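# Summary of the model geometry
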Amino acid sequence: MAKKRLFPLISKLAYICTADARVQFHTFLPLLNHYPSKCFLTITILAMKKLIFLFLSFSILSTTYAQEYLAFALKRGKMGYIDTTGKWYIQPIYEDAKYFSEGLAAVREDNVYGYIDKRGNYIIKPQFTNAREFRNGQAIAKMKGGWGIIDTTGAVILPYEYGYVDYFSDGLARVKNPGWIFVKKGGEVLKTVDFTRC
C-alpha cells in the first residue's frame, strides 16, 4: 500500500522537472519495487531544484515588468509613480508628473519641469515652464521664449522661440511663428512663406 501511495506523488513531482529529469525518472521505475524511498528522495530533489529555478525566474521577471511599466499617481496633492503591483516606486513628491517614455518622464518641482529616469534621478535638470514626452529621442519643451525641441541629454535641437512646435518627422518639424512653417533641425526654415494652415 505504501508503494501505491508513493507512485502518484512521485509522478507529479517528476512531471514538473526538466526533460532530463523526467528521463531520469523513467530510469528509476524498475527500481521502485526495491528502493522506493531512494527513488522518491532523488526525484524530490530534482523537482525542488526546478521549483526554485522557476520561483527565482518569476521573481526576476515580475520585478522587471513592474519597473518597466510605471504609472503616475496622486497622493495628498503630490504626484509620483506606482508599479504594476500598485506600490509606490517613485514617491509622490512632485507638483506634476507625466508618463514615462523612452525611459524618461517630465516632472515639475518649484514650478519648473525637468526629466527623471526610473530611479527618480534627474537626467535633465528642472528648467522648463512646460514639457512633453520623448518620441524618437526628442521632446518638446518650453522656456520663457517659447517652445523648442531637446534630445535625451537636454541638448537643444530646435531653439525655444516658437508659439507651437510639432515633433520632427523625416527631418522636418511644423512650427508656428506666428504662421505655420516647416523647419529643419537647428531652426533652418524650409520655406519662407507662412501657411495659414498645414
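Keep in mind it's a predicted model, so treat the numbers as computed, not measured.

Analysis parameters
- Residues numbered from 1 in each chain as written.
- Predicted model: local features only at pLDDT ≥ 70, side-chain atom pairs only at ≥ 80, totals over all residues.
- Heavy atoms only, no water.
- Pairing = 2+ DSSP bridges.
- Helix = DSSP H or I, 4+ residues; strand = E, 2+ residues; numbered from the N terminus.
- Axes fitted to C-alpha atoms, helices over the stretch in contact; angles between N-to-C directions.
- Core = buried A, V, L, I, M, F, W, Y, C linked by side-chain atoms within 4.5 Å.
- Buried < 20%, exposed > 50% of the residue type's maximum accessible area, 1.4 Å probe, protein only.
- Contact = heavy atoms within 4.5 Å.
- Polar contact = N/O pair within 3.5 Å; in protein donor to acceptor, adjacent residues only side chain to side chain.
- Salt bridge = Lys/Arg side-chain N within 4 Å of Asp/Glu carboxyl O.

Turning our attention to the pairing of strand β9 (residues 138–143). As paired strands, strand β8 (residues 130–135) and β9 are joined by 4 bridges and run antiparallel to one another. Directly across from asparagine 130, in β9, lies its bridge partner lysine 142. Counting the residues in the hairpin turn of β8 and β9 gives 2 residues, including asparagine 136, whose phi is positive at 50°. Relative to strand β10 (residues 146–151), β9 runs antiparallel, the two being bridged by 6 bridges. Opposite lysine 142, over in β10, you have tryptophan 147 as the bridge partner. The hairpin turn running from β9 into β10, its antiparallel successor, is 2 residues long.

Here we take up the sheet that holds strand β3 (residues 88–94). Ordered by their spatial adjacency, 3 strands build an open sheet running β1-β2-β3, and the pairing between neighbours is antiparallel. Every other strand in the sheet has two partners, leaving β1 (71–75) and β3 as the edge strands with one partner each. When strand polarity is set aside, the average angle formed by the axes of neighbouring strands in this sheet is 25°. Sheet analysis places β1 next to strand β2 (residues 78–82), joined by 5 bridges and oriented antiparallel.

Here we take up the nonpolar core. Counting 13 residues, the largest nonpolar core has Ile149, Leu158, Val165, Val175 and Val183 as its most contacted members. Only β10, β11 (156–162), β13 (173–176) and β14 (180–183) provide two or more residues apiece to this core. Counting residues per element, this core draws most heavily on β11, at 3 residues. Excluding residues that lie within four positions of it along the chain, isoleucine 149 makes contacts with Gln138, Ala139, Ile140, Ala155, Val156, Ile157, Leu158, Val165, Asp166, Tyr167, Phe168 and Ala173. Judged by nonpolar contacts, the second largest core, of 12 residues, contains Ala106, Phe128, Ala139 and Ile150.

Cis peptide bonds are those with omega within 30 degrees of zero, and the linkage from asparagine 177 to proline 178 qualifies with -15°. You can see proline 178 is positioned in the loop between β13 and β14. One non-glycine residue, aspartate 110, lies in positive phi territory at about 55°. As for its placement among the helices and strands, aspartate 110 is situated in the loop between β5 (105–109) and β6 (112–116). Although it is not a glycine, aspartate 170 adopts a positive phi angle of roughly 55°. Looking at where aspartate 170 falls in the secondary structure, it is placed in the loop between β12 (164–165) and β13.

The subject of this paragraph is the environment of threonine 85. Here threonine 85 lies in the loop between β2 and β3. When its relative accessible area of 52% is taken as the criterion, threonine 85 is described as exposed. Taking the C-alpha atoms as reference points, threonine 85 and leucine 70, separated by 15 residues in sequence, lie 9.8 Å from one another. There is a polar contact of 2.5 Å between the side chain of threonine 85 and the side chain of aspartate 83.

This paragraph deals with the sheet that holds strand β4 (residues 96–97). Strand order in the open sheet formed by 4 strands is β4-β5-β6-β7, and the pairing between neighbours is antiparallel. Across the chains shown, the open sheet's two edge strands, defined by having one partner strand only, are β4 and β7 (122–128). Relative to β7, β6 runs antiparallel, the two sharing 3 bridges. Residue pairing for β7: isoleucine 116 is matched across the bridge by tyrosine 122.

Below, the discussion takes up the pattern of salt bridges. Scanning the entire structure with this criterion turns up 4 salt bridges. Between glutamate 95 and arginine 108 there is a salt bridge, with the nearest N and O atoms lying 3.2 Å from each other. On the criterion of sequence distance, the pair formed by glutamate 95 in the loop between β3 and β4 and arginine 108 in strand β5 is long-range, its members being 13 residues apart. Residue glutamate 95 is classed as partly exposed on the basis of its relative accessible area of 27%. For arginine 135, the salt bridge identified is with glutamate 133, shortest N-O distance 3.0 Å. What makes arginine 135 partly exposed here is its relative accessible area of 40%. Among the residues examined, glutamate 133 registers a relative accessible area of 14% and is labelled buried.

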